[in-house]
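Fold and geometry: a report
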Amino acid sequence: MPIRIDNDLPVKQILEEENIFVMDENRSNSQDIRPIDILILNLMPLKEDTELQLLRSLSNTPLQVNITFVRTMSYESKHTSKKHLERFYSNFREVRNRKWDGMIITGAPVEKMKFEDVEYWHELTKIMDWASENVTSTLHICWGAQAGLYYHYGINKYELPKKLSGIYMHHTMHKSQELVRGFDDTFLAPHSRYTGIDAVAVRNNPNLVILADSIECGPYIIVGDGGKNIFITGHPEYDTLTLDQEYKRDMGKGINPDIPVNYYPDDNPNNSPVKSWRCHANTLYTNWLNYYVYQQTPYDWTRRSTDEVE
């Protein structure tokens, strides 16, 4: 089944060229089925790149998924045109007076900052509070996962000795949990970050369960409160060349980064990388949409207004 997005969203043509089933608004409105409604709070600077990555990941499901992009109002992106934001993004006030089946909170390039020093932190905490009452399940990615773990469960982050970048081996745990249904015992996943989380604090919290971890990267998939909050500390949505672009960007800035681990054949940046994490990523997003969103959401949400959020 398709993902449903705005007819004019620029990445729509790319998705169609990749043979991904995208349904426009006109056809979607004629379907006599119950689609699921997903908010994506996109905190990444290159928003169109993240849109494309996430829409690819969400397309591999038999469900019809309606996508609404949300942006912060307390901080305006400097890397995405104002015209694009105004045309394709809602703000929190425009989406808060109804129920939503699921929400994704993306990563953001602010991980070296204290959470409270991030310009839109206050707004983000209001959104996370609202989601606790009005969203069936929220999926947090990378810095979004660190922010959610900190705000909801008091799990802090710490700065790593150097950037964690590459494709790392992970081990599946608690295989009876639906989020990792269909996972192999081991699988690969991308990471790109300068900070880690307090793994001991995660393990000691009775409301959190680690479903996959890595020797190098620590906890990778964490489920909170039975699936109300889900945290992914890496970037399963990354495209084949995303780490390559980040590495070459950092090289151009004179940062002199390490070559991403297990990414380029023969560790040679002149060789084209091979995507080795697609199956895991597709399964992860499909399981989340099916078991933690679709199966848990009532067919007819009561679209009652929520209390005013200041």
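Keep in mind it's a predicted model, so treat the numbers as computed, not measured. (Residues numbered from 1 in each chain as written. Predicted model: local features only at pLDDT ≥ 70, side-chain atom pairs only at ≥ 80, totals over all residues. Heavy atoms only, no water.)

**Some thoughts on the nonpolar core**
- Ranked by size, the top nonpolar core spans 37 residues in total, and within it L179, I221 and W288 carry the most contacts.
- Here this core takes seven residues from helix α10 (residues 278-294), the largest share from any one element.
- Other than its neighbours up to four places away in sequence, W288 contacts I38, L58, G102, M103, I104, S137, L139, L179, I230 and V293. (Core = buried A, V, L, I, M, F, W, Y, C linked by side-chain atoms within 4.5 Å. Buried < 20%, exposed > 50% of the residue type's maximum accessible area, 1.4 Å probe, protein only. Helix = DSSP H or I, 4+ residues; strand = E, 2+ residues; numbered from the N terminus. Contact = heavy atoms within 4.5 Å.)

**Considering the confidence of the model for the protein chain**
- Put simply, the protein chain has an average pLDDT of 89, and 87% of its residues get 70 or more.
- Considering only residues more than four positions removed or in separate chains, one finds that residues 303-310, a stretch of pLDDT under 50, has 18 contacts. (pLDDT = per-residue confidence, 0-100.)

**Quick look at the packing of aromatic side chains**
- Per the counting criterion, the structure on display carries 15 aromatic pairs.
- When the centroid spacing of 6.0 Å and the interplanar angle of 40° are considered together, the rings of F115 and W143 count as tilted. Of the two residues, F115 is situated in the loop between β6 (100-105) and α6 (121-134) and W143 in helix α7 (residues 143-153); the sequence distance between them amounts to 28 residues.
- According to the relative accessible area criterion, W143 is buried, its value standing at 1%.
- By the ring-pair criterion, three or more aromatic residues cluster together here, those being Y75, F115, Y120, W121, W143, Y150 and Y151.
- Here the basic side chain of R98 rests over the ring of W100, its NZ or CZ set 3.8 Å away from the ring centre.
- Positioned above the aromatic ring of F115 is the side chain of K157, whose terminal nitrogen or guanidinium carbon lies 4.9 Å from the ring centre. (Phe/Tyr/Trp six-rings, centres within 6.5 Å; stacked < 30°, edge-to-face > 60°. Lys NZ or Arg CZ within 6 Å of the ring centre and 35° of its normal.)

**Remarks on the pairing of β6**
- Of all six residues in β6, six are buried; the element is thus mostly enclosed.
- The sheet contact formed by strand β3 (residues 36-41) and β6 spans four bridges and is parallel. The partner of L39 across the bridge, within β6, is M103.
- Pairing geometry for β6 and strand β7 (residues 135-141), over five bridges, is parallel. Directly across from M103, in β7, lies its bridge partner T138.
- Traced from β6 through α6 to β7, the parallel crossover comes out right-handed. (Pairing = 2+ DSSP bridges. Right-handed = clockwise from strand over helix to strand, strands pointing away.)

**Let's talk about the packing of helix α3 (residues 47-58) against α10**
- Where α3 meets α10, the axes come as close as 8 Å, and the angle between the chain directions of the two elements is 70°. With respect to their mutual orientation, α3 and α10 come out roughly perpendicular. Touching L54, S57 and L58 of α3 are Y285, W288 and L289, all from α10.
- Residues that form the contact of α3 with α10 fall into these classes: five nonpolar, one polar and no charged. (Axes fitted to C-alpha atoms, helices over the stretch in contact; angles between N-to-C directions. Parallel < 35°, antiparallel > 145°, perpendicular 65-115°, else oblique. Nonpolar A, V, L, I, M, F, W, Y, C, P; charged D, E, K, R; others polar.)

**Looking at the packing of α6 against α7**
- The geometry of α6 relative to α7 is characterised by a closest axis approach of 11 Å and an angle of 75° between their N-to-C directions. In terms of orientation, α6 lies roughly perpendicular with respect to α7. For the pair α6 and α7, contact is made by W121, L124, T125, M128, D129 and S132 and by W143, A147, G148, Y150, Y151 and H152, respectively.
- Across the contact of α6 with α7, the residue classes break down as seven nonpolar, four polar and one charged.

**Considering the environment of H171**
- You can see H171 is positioned in strand β8 (residues 157-172).
- Excluding anything up to four places from it in sequence, H171 contacts D185, T186, F187, L211, A212 and D213.

**Considering the pattern of salt bridges**
- With the rule as written, the count across this model stands at nine salt bridges.
- A salt bridge links K162 to D258, with the shortest nitrogen-to-oxygen separation between them at 2.9 Å. Of the two residues, K162 is situated in strand β8 and D258 in the loop between α9 (242-252) and α10; the sequence distance between them amounts to 96 residues.
- You can call K162 exposed: its relative accessible area is 55%.
- Looking at D258, the relative accessible area reads 44%, which means it is partly exposed. (Salt bridge = Lys/Arg side-chain N within 4 Å of Asp/Glu carboxyl O.)

**Re α6**
- Counted at 1.5 Å a residue, the expected span for α6 with its 14 residues is 20 Å, and the 20 Å between its end C-alpha atoms agrees.
- If you check which residues of α6 are buried, you get W121, E123, L124, T125, I127, M128, W130, A131 and N134. (Expected span 1.5 Å × (residues − 1).)

**Some words on the environment of D250**
- Position of D250 relative to the elements: it lies in helix α9.
- Overall, D250 belongs to the buried group, its relative accessible area being 3%.
- Of the polar contacts made by the side chain of D250, one reaches the side chain of R249; its length is 3.2 Å. (Polar contact = N/O pair within 3.5 Å; in protein donor to acceptor, adjacent residues only side chain to side chain.)

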